[in-house]
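# Overview (structure and organization)
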Amino acid sequence: MSCHRPDATTDATTTALLDHNPATLMQPRQPEMPPKAMRNGGRVKANNVAPQGVYLPNYNILTPHMRSPEYVQMSTAAAITLGIMTGKMYRCACTRCLNLLLSYPEGCRANCAYCGLARHREAERDYADRNFIRVDWPAVPLEKVIDKVAADGAASPFHRMCISMITHPRSDDDTVTVLKQWTDRISPETIPVSILSNPTTMVRDDVQRLHELGADIFTVALDAATPEIFDRTRGKGVQSPHSWAKYWEILRDARDIFGPQKFGAHIIVGMGETEHDVLTLVQQLVDMGGHSHMFCFFPEKGSLMDHLPATPRDQWRRVQLARYLIDYRGVRVDQMKFDGEGRVSDFGIAQGELDDVINAGVAFRTSGCPGKFAEDISACDRPYGDSPPSNIASFPFPPNKGDVRKIRRQLRIIEQKN
Ligand code: SF4
């Protein structure tokens, strides 16, 4: 495998030459402190505009005063699928996962460097107007969401619902309320529920309660692959409250309470870790009985890392492929080989077998909690959440032959003909 080597003076302007994002490059900006009147949703609370049904971000009106559990936000893809917004998605008819994001004027109280929802944006943009994983998140009354999904019953396009917590003092209780209101009307057998947790405000009993109320899968957004990157991007490095130890404590609670195959961790690839780092973590999660859900780093507009390069496709494809082999094909990280900079140089299986996995394309689809198609196909397809459609990182649909040819070029793996 041919690789370009970065030198010690690497910066964002030289990244066209790189085939991976090195640690020296991936440094967030320092957050600025917003003026006092803008903090804690000050502008929205001072205006105190009453919400009237669905709120579409950037609507050129004052952002209404909306709060969970009465209001939740959902991805643009989910809003289109639900018929709340009009629009078309490139090569996707719908999304299979309804992500419900808790919403408050105060927003998320954390400051994660890669995230569009982070606290440091208080002066620039009200919470309900912030972009997150590259898209807008319309706010919708929870009752309206539940009415619509319940009316569709088993014919619903959604294979899963996911409650996405944020760092807010109300987040734990409101997650319970949203889950109860949902399961009162919609059976978890028809549409299973995942929890994307916020460990910082949680204790073991919270995890237990969500399990007892019918949640199916519990995930922890570690996001960073190493403790150093965690601290730099979502801990002390950016005046954010999260700690690696607390995230692992709740992840272990989830393992104990939800059981094998029913818990997982989100990991963002390309924030300065090596491929060996991230795949060692993937193996650790599999050994615990869980799964990894991967995201390709993308410089989210307005975030503290928006000046940095997206993960080069070759790095991302190697990690996607290796992670799929570890998660679903029983290959172990110690069977794989890595070069001096921690990059995968051998996937640990025979070329013919590797060709079959690449050609099947599933390894390159969005990873996340499963839907109704297969265990290794995520309901959570997050269309274009980690890349533009022009250079897809996670495929929200089955890659076709042309896509696979492009993936092979990115991997620099030529198919061996018999
Ligand atoms: S806790 Fe989650 S929502 Fe809040 S800033 Fe961090 S990544 Fe974003």
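Everything quoted here is computed from the prediction, not taken from an experiment.

What counts and how
- Residues numbered from 1 in each chain as written.
- Predicted model: local features only at pLDDT ≥ 70, side-chain atom pairs only at ≥ 80, totals over all residues.
- Heavy atoms only, no water.
- Helix = DSSP H or I, 4+ residues; strand = E, 2+ residues; numbered from the N terminus.
- Rg over C-alpha atoms; globule rule 2.2 N^0.38 Å.
- Contact = heavy atoms within 4.5 Å.
- Areas by Shrake-Rupley, 256 points an atom, 1.4 Å probe, with all protein chains shown as cover.
- pLDDT = per-residue confidence, 0-100.
- 1 Å grid on protein atoms, 1.4 Å probe; cavity = no way out; pocket = protein on both sides within 12 Å on 5 of 7 lines; lining within 4 Å.
- Points joined across faces, edges and corners; volume = space filled by probe spheres on them.
- Nonpolar A, V, L, I, M, F, W, Y, C, P; charged D, E, K, R; others polar.
- Polar contact = N/O pair within 3.5 Å; in protein donor to acceptor, adjacent residues only side chain to side chain.
- Patch = residues over 30% accessible without salt bridge, like charges linked within 9 Å, V, L, I, M, F, W, Y side chains within 5 Å.
- Salt bridge = Lys/Arg side-chain N within 4 Å of Asp/Glu carboxyl O.
- Lys, Arg positive; Asp, Glu negative; His and termini not counted.
- Charge placed at Lys NZ, Arg CZ, Asp CG, Glu CD.
- Buried < 20%, exposed > 50% of the residue type's maximum accessible area, 1.4 Å probe, protein only.
- Pairing = 2+ DSSP bridges.
- Axes fitted to C-alpha atoms, helices over the stretch in contact; angles between N-to-C directions.
- Phe/Tyr/Trp six-rings, centres within 6.5 Å; stacked < 30°, edge-to-face > 60°.
- Right-handed = clockwise from strand over helix to strand, strands pointing away.

Across its full length, the protein carries eleven helices and ten strands. Whereas a compact globule of 418 residues would reach a radius of gyration of roughly 22 Å, the protein reaches 21 Å, a difference of no more than 12%. Considering only C-alpha atoms, the protein reaches an extent of 65 × 50 × 40 Å along its principal axes. Summarising the internal contacts of the protein: among those between residues at least 6 apart in sequence, 74% fall at separations of at least 24. Looking at the protein as shown, the accessible area adds up to about 17000 Å², and 51% of this sits on carbon and sulfur atoms.

This part is about the confidence of the model for the protein. For the protein, the mean per-residue pLDDT works out to 93, and 95% of the residues sit at or above 70. Low pLDDT, under 50, characterises residues 1–15; the predicted model gives this stretch 28 contacts beyond four residues in sequence or across chains.

Attention shifts here to the layout of surface pockets. Empty space within the second largest pocket amounts to approximately 190 Å³. Looking at the second largest pocket, it is lined by 15 residues, and the ones nearest its centre are Arg96, Arg365, Phe373, Asp381 and Pro396. Of the residues belonging to the lining of the second largest pocket, the class tally is nine nonpolar, two polar and four charged.

For the rest of this paragraph, the subject is the environment of serine 68. Here serine 68 shows up in the loop between helix H1 (42–47) and strand S1 (71–74). Counting along the chain gives 236 residues from serine 68 to leucine 304, while the straight-line C-alpha distance between them is 26 Å. Leave out the neighbours within four places in its chain, and serine 68 touches Leu102, Ser103, Tyr104 and Asp174. A distance of 2.6 Å separates a polar atom in the side chain of serine 68 from the backbone oxygen of tyrosine 71.

Together, Lys401, Arg405, Lys406 and Arg409 make up a positively charged patch on the protein surface. By relative accessible area, which is 51% here, arginine 405 ends up exposed.

This part covers unusual backbone geometry. Cis geometry is found at the peptide bond from serine 68 to proline 69, where omega equals 10°. The residue proline 69 is located in the loop between H1 and S1 in this model. One non-glycine residue, asparagine 40, lies in the positive phi region at around 55°. Despite not being glycine, asparagine 48 has its phi angle at roughly 45°, a positive value. Inspection of the secondary structure assignment puts asparagine 48 in the loop between H1 and S1.

Moving on, we get to the sheet that holds strand S3 (residues 139–141). Paired through backbone hydrogen bonds, the strands of a sheet run either parallel or antiparallel to each other. Ordered by their spatial adjacency, eight strands build an open sheet running S3-S1-S2-S4-S5-S6-S7-S8, and the pairing between neighbours is mixed. Bordering the open sheet on either side are S3 and strand S8 (291–296), each of which pairs with just one other strand. With direction set aside, neighbouring strand axes in the sheet form an average angle of 30°. Each of S1, strand S2 (97–102) and S3 is contacted by helix H3 (residues 142–152), which is oriented at about 75° to S3, the strand it contacts most. Across the sheet, helix H9 (residues 313–328) is in contact with strand S7 (263–269) and S8; its angle to S8 comes to roughly 170°.

With that out of the way, let us pick up the packing of aromatic side chains. Here the distance between the centres and the angle between the planes together describe a pair of aromatic rings. For the structure on display, the rule yields eight aromatic pairs. Taken together, a centroid distance of 5.1 Å and an interplanar angle of 70° make the contact between phenylalanine 230 and tyrosine 247 edge-to-face. Taken as a pair, phenylalanine 230 in helix H6 (residues 227–234) and tyrosine 247 in helix H7 (residues 244–258) lie far apart in primary sequence, 17 residues in all. The same class applies to phenylalanine 230 and to tyrosine 247, which are both buried. Measuring from centroid to centroid gives 5.9 Å for tryptophan 244 and tryptophan 248, while their planes differ by 55°, and the two rings are tilted. Taken together, the residues tryptophan 244 and tryptophan 248, both in helix H7 and four residues apart, mark about one turn of the helix. An aromatic cluster is built from Phe230, Trp244, Tyr247 and Trp248, whose rings are joined through pairwise contacts.

Here the focus is the pattern of salt bridges. For the coordinates displayed, the defined rule picks out 29 salt bridges. A salt bridge links glutamate 122 to arginine 109; the nearest nitrogen and oxygen atoms lie 2.8 Å apart. Taken as a pair, glutamate 122 in the loop between S2 and S3 and arginine 109 in the loop between S2 and S3 lie far apart in primary sequence, 13 residues in all. Judged by relative accessible area, arginine 109 falls into the buried class, the value being 18%. Counted as one network, the salt bridges with shared partners bring together Asp19, Glu275, Arg318, Asp339, Glu341 and Arg343.

So, on to the pairing of S7. Within S7, seven of the seven residues are buried, which leaves the element mostly enclosed by the surrounding structure. Alternating positions in S7 separate into two faces, Phe263, Ala265, Ile267 and Val269 on one and Gly264, His266 and Ile268 on the other, with burial throughout. Pairing analysis gives four bridges linking strand S6 (residues 217–223) to S7, with the strands arranged parallel. Of the residues in S7, the one forming a bridge with phenylalanine 218 is phenylalanine 263. Alignment of S7 against S8, held across six bridges, turns out to be parallel. Paired with histidine 266 across the bridge in S8 is histidine 293. In terms of handedness, the path from S7 via helix H8 (residues 275–288) over to S8 forms a crossover that is right-handed.

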